[in-house]
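Inside the fold
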Amino acid sequence: MKLLKELLISVAIVAVFFLLVGIVLPSHRHLSETIDTNRKATLVYDTVNSFGRWKDWNAVTAHDPRTQLKISGPVSGVGAQIDYDGDNGVGKGSWKITGAQTNEKVDFAITNGDMGSNKKSTITVKPDKSEKNTTIVQTYDVDYGFNLLGRYAGLYAGSYAGEDMKVNLRRLTGLLAEVPNLAYDQLTPPLTGTKFIELPASDVITINSGTVINDFAHVYDSVKNNYQWLKRVMDANGLEPAGPFYLVTEDVNIANYGYNLVQPVKKKGATATTGLTGVALQGTVKFATIPARKAVTTSIASADYNTLQLTRDALRAWALVHGYQIADKSFEVYKDGVDKSFTAGAASFDVYWPVK
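The notes below deal with the structure included here. Keep in mind that what you see is a predicted model, and the values were worked out from it rather than measured.

1. Focus on the nonpolar core
Soluble globular proteins: nonpolar side chains tend toward being buried together. Membership of the largest hydrophobic core comes to 75 residues, with the highest contact counts inside it found for Trp 95 and Phe 108. In terms of residues, this core owes the most to one element, helix α8 (residues 308–321), which gives eight residues. One finds Tyr 246, Val 262, Phe 331 and Tyr 352 within the second-largest nonpolar core, a separate group that totals ten residues.

What follows is the structure in structure tokens.
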């Protein structure tokens with residue numbers, strides 16, 4: 001009986017100690033992790049302000065790469081949400097964007113199986129004065145209220161939530177290293193109408209340029225001469241353009257440029273843009289039917305051929321940070337024809353990257 005009494009007293013003392021310590025422990029935890037990158041603030045911000053690349057940088061999919069994901073709400077910004085369901089301790093949960101300041105920070109509300117409530121995270125983007133490097137800071141906040149077990153769990157928040165933030169930031173900077181380092185929202189001329197679209201199938205005639213010296217004059221002469229071959233084929237077959245011609249970039253570097261000149265065609269007066277047969281070809285001109293495909297696109301105005309390489313790279317960067325996978329070579333629609341497109345600062349172009 002004496003032993004039982006002593007045992008009960010010991011238990012009571014431990015319980016009181018547990019309560020007293022729990023009461024004085026913080027009811028709120030705040031964690032912070034930081035990493036540096038040489039990528040532009042635009043790239044960091046757009047990557048975390050949507051969920052297209054979330055699976056590539058968030059610790060949830062590092063714990064279980066087979067985690068089931070569902071994105072809902074807007075494509076980006078406030079209201080966008082991703083729900084997940086995984087194994088290996090991941091469980092069910094969600095991240096939802098609750099606030100955003102362009103190129104500065106994104107706020108998230110987090111739901112998961114960890115102890116605590118009102119879980120929040122903020123990813124802040126801080127370029128240095130030179131804008132050559134960017135500091136990324138992720139914070140995590142959680143409330144435990146009067147849940148004493150939660151307060152004790154908060155003592156170890158750094159060992160799970162904190163470690164996950166380190167994983168987030170390492171994975172984020174790793175994926176950004178593969179993206180062209182361009183602040184595409186600050187270019188001159190600016191990109192407009194950047195978006196994902198679905199392109200219909202079309203009949204086309206094409207001619208390959210071979211290797212051309214990559215400067216304004218040589219590319220202009222090449223395009224002008226090659227387009228004459230396409231025009232001869234159209235005239236000989238009773239065809240007309242079904243839209244502006246475009247150049248598919250096959251190879252490009254400082255010294256050389258190679259392209260396919262592509263002209264969508266249809267029978268004169270017809271509305272159908274596919275279904276042609278028996279097209280008589282000349283020289284090295286070829287005929288093909290381009291199947292329907294997906295692409296990302298942007299437009300530039302008051303531009304010319306010299307602007308296109310930068311625009312191609314900028315659109316590729318935009319596609320990658322928004323979660324699109326490049327599937328083929330880029331191409332540019334010369335909306336103003338040959339001569340005006342090679343007049344400095346005079347033309348408009350639509351630029352495309354096919355995506356999966």
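Text resumes after the structure shown.
2. Examining the layout of surface pockets
If you add up the space inside the largest pocket, you get close to 410 Å³. Lining of the largest pocket is provided by 21 residues; of these, Val 60, Tyr 84, Asn 112, Asp 114 and Asp 164 occupy positions nearest its centre. Of all the elements in the fold, those that place two or more residues in the lining of the largest pocket are α4 (59–63), β7 (134–143) and α6 (157–176). The element contributing the most residues to the lining of the largest pocket is α6, with five residues.

3. Some words on the side chain of Thr 297
The topology assignment puts Thr 297 in strand β15 (residues 293–303). Of note is the side chain of Thr 297, whose polar atom sits 3.0 Å from the backbone oxygen of Val 351. Contact partners of Thr 297, with chain neighbours within four places excluded, come to Gly 193, Thr 194, Lys 195, Ile 197, Leu 315, Val 351 and Tyr 352.

4. Considering unusual backbone geometry
Phi is mostly negative for residues that are not glycine, and the peptide bonds are mostly trans. Residue Thr 188 is joined to Pro 189 through a cis peptide bond whose omega torsion reads -5 degrees. If you trace the backbone, Pro 189 turns up in the loop between α6 and β8 (192–199). Of note, Asn 88 is a non-glycine position whose phi angle comes to about 55 degrees, a positive value. The topology assignment puts Asn 88 in the loop between β3 (81–86) and β4 (91–101).

5. Focus on the pattern of salt bridges
Tallied over the full model, the rule gives nine salt bridges. Residue Lys 55 pairs with Asp 56 through a salt bridge whose shortest N-O separation is 3.8 Å. Across the salt bridge formed by Asp 350 and Lys 335, the nearest N and O atoms sit 3.2 Å from each other. Note that Asp 350 is positioned in strand β17 (residues 347–355) and Lys 335 in the loop between β16 (331–334) and α9 (337–341), a separation of 15 residues in sequence. Note on Asp 350: relative accessible area 14%, which makes it buried. A network of salt bridges, in which partner residues are shared, links Arg 53, Lys 55 and Asp 56.

6. As for the side chain of Thr 139
Position of Thr 139 among the secondary structure elements: in strand β7. Every residue in contact with Thr 139, bar those within four places of it in the chain, is listed here: His 30, Leu 31, Ser 32, Lys 120, Ser 121, Thr 122 and Met 165.

7. Brief notes about the environment of Gly 345
On the secondary structure map, Gly 345 appears in the loop between α9 and β17. A relative accessible area of 38% places Gly 345 in the partly exposed class. Gly 345 sits 41 residues away from Asp 304 along the chain, and the two C-alpha atoms are 5.4 Å apart. For Gly 345, the residues in contact, after removing those within four places along its chain, are Ser 302, Ala 303 and Asp 304.

8. Some remarks on the sheet that holds β7
One open sheet accounts for seven strands, arranged β1-β7-β6-β5-β4-β3-β2; its pairing is antiparallel. Bordering the open sheet on either side are β1 (28–37) and β2 (68–72), each of which pairs with just one other strand. Taken over all neighbouring pairs, the strand axes of this sheet differ in orientation by 20 degrees on average, direction set aside. With nine bridges joining them, strand β6 (residues 117–127) and β7 adopt antiparallel strand pairing. The partner of Lys 126 across the bridge, within β7, is Thr 135. Strands in contact with helix α2 (residues 41–48) are β1, β4, β5 (105–111), β6 and β7; relative to β6, the strand with the most contacts, it is inclined by about 160 degrees.

9. Describing the pairing of β15
Within a regular strand, side chains alternate between the sheet's two faces. Relative to β15, β8 runs antiparallel, the two sharing six bridges. Bridged to Glu 198 within β15 is Lys 294. Summarising the sheet, β15 and β17 pair through eight bridges and their orientation is antiparallel. In the sheet register, Thr 297 faces β17, and the bridge partner there is Tyr 352.

10. Structural notes on the packing of aromatic side chains
Per the counting criterion, the structure on display carries 18 aromatic pairs. Each ring, one from Trp 54 and one from Tyr 84, has its centre 5.9 Å from the other, and the planes form 25 degrees; the classification is stacked. Residue Trp 54 is located in helix α3 (residues 54–57), and its partner Tyr 84 is located in strand β3; the two are separated by 30 residues in the primary sequence. When sorted by exposure, Trp 54 lands in the same class as Tyr 84, which is buried.

Rules used in this analysis
Residues numbered from 1 in each chain as written. Predicted model: local features only at pLDDT ≥ 70, side-chain atom pairs only at ≥ 80, totals over all residues. Heavy atoms only, no water. Core = buried A, V, L, I, M, F, W, Y, C linked by side-chain atoms within 4.5 Å. Buried < 20%, exposed > 50% of the residue type's maximum accessible area, 1.4 Å probe, protein only. Helix = DSSP H or I, 4+ residues; strand = E, 2+ residues; numbered from the N terminus. 1 Å grid on protein atoms, 1.4 Å probe; cavity = no way out; pocket = protein on both sides within 12 Å on 5 of 7 lines; lining within 4 Å. Points joined across faces, edges and corners; volume = space filled by probe spheres on them. Polar contact = N/O pair within 3.5 Å; in protein donor to acceptor, adjacent residues only side chain to side chain. Contact = heavy atoms within 4.5 Å. Salt bridge = Lys/Arg side-chain N within 4 Å of Asp/Glu carboxyl O. Pairing = 2+ DSSP bridges. Axes fitted to C-alpha atoms, helices over the stretch in contact; angles between N-to-C directions. Phe/Tyr/Trp six-rings, centres within 6.5 Å; stacked < 30°, edge-to-face > 60°.

Bear in mind that shape data such as this cannot, by itself, settle questions of function.
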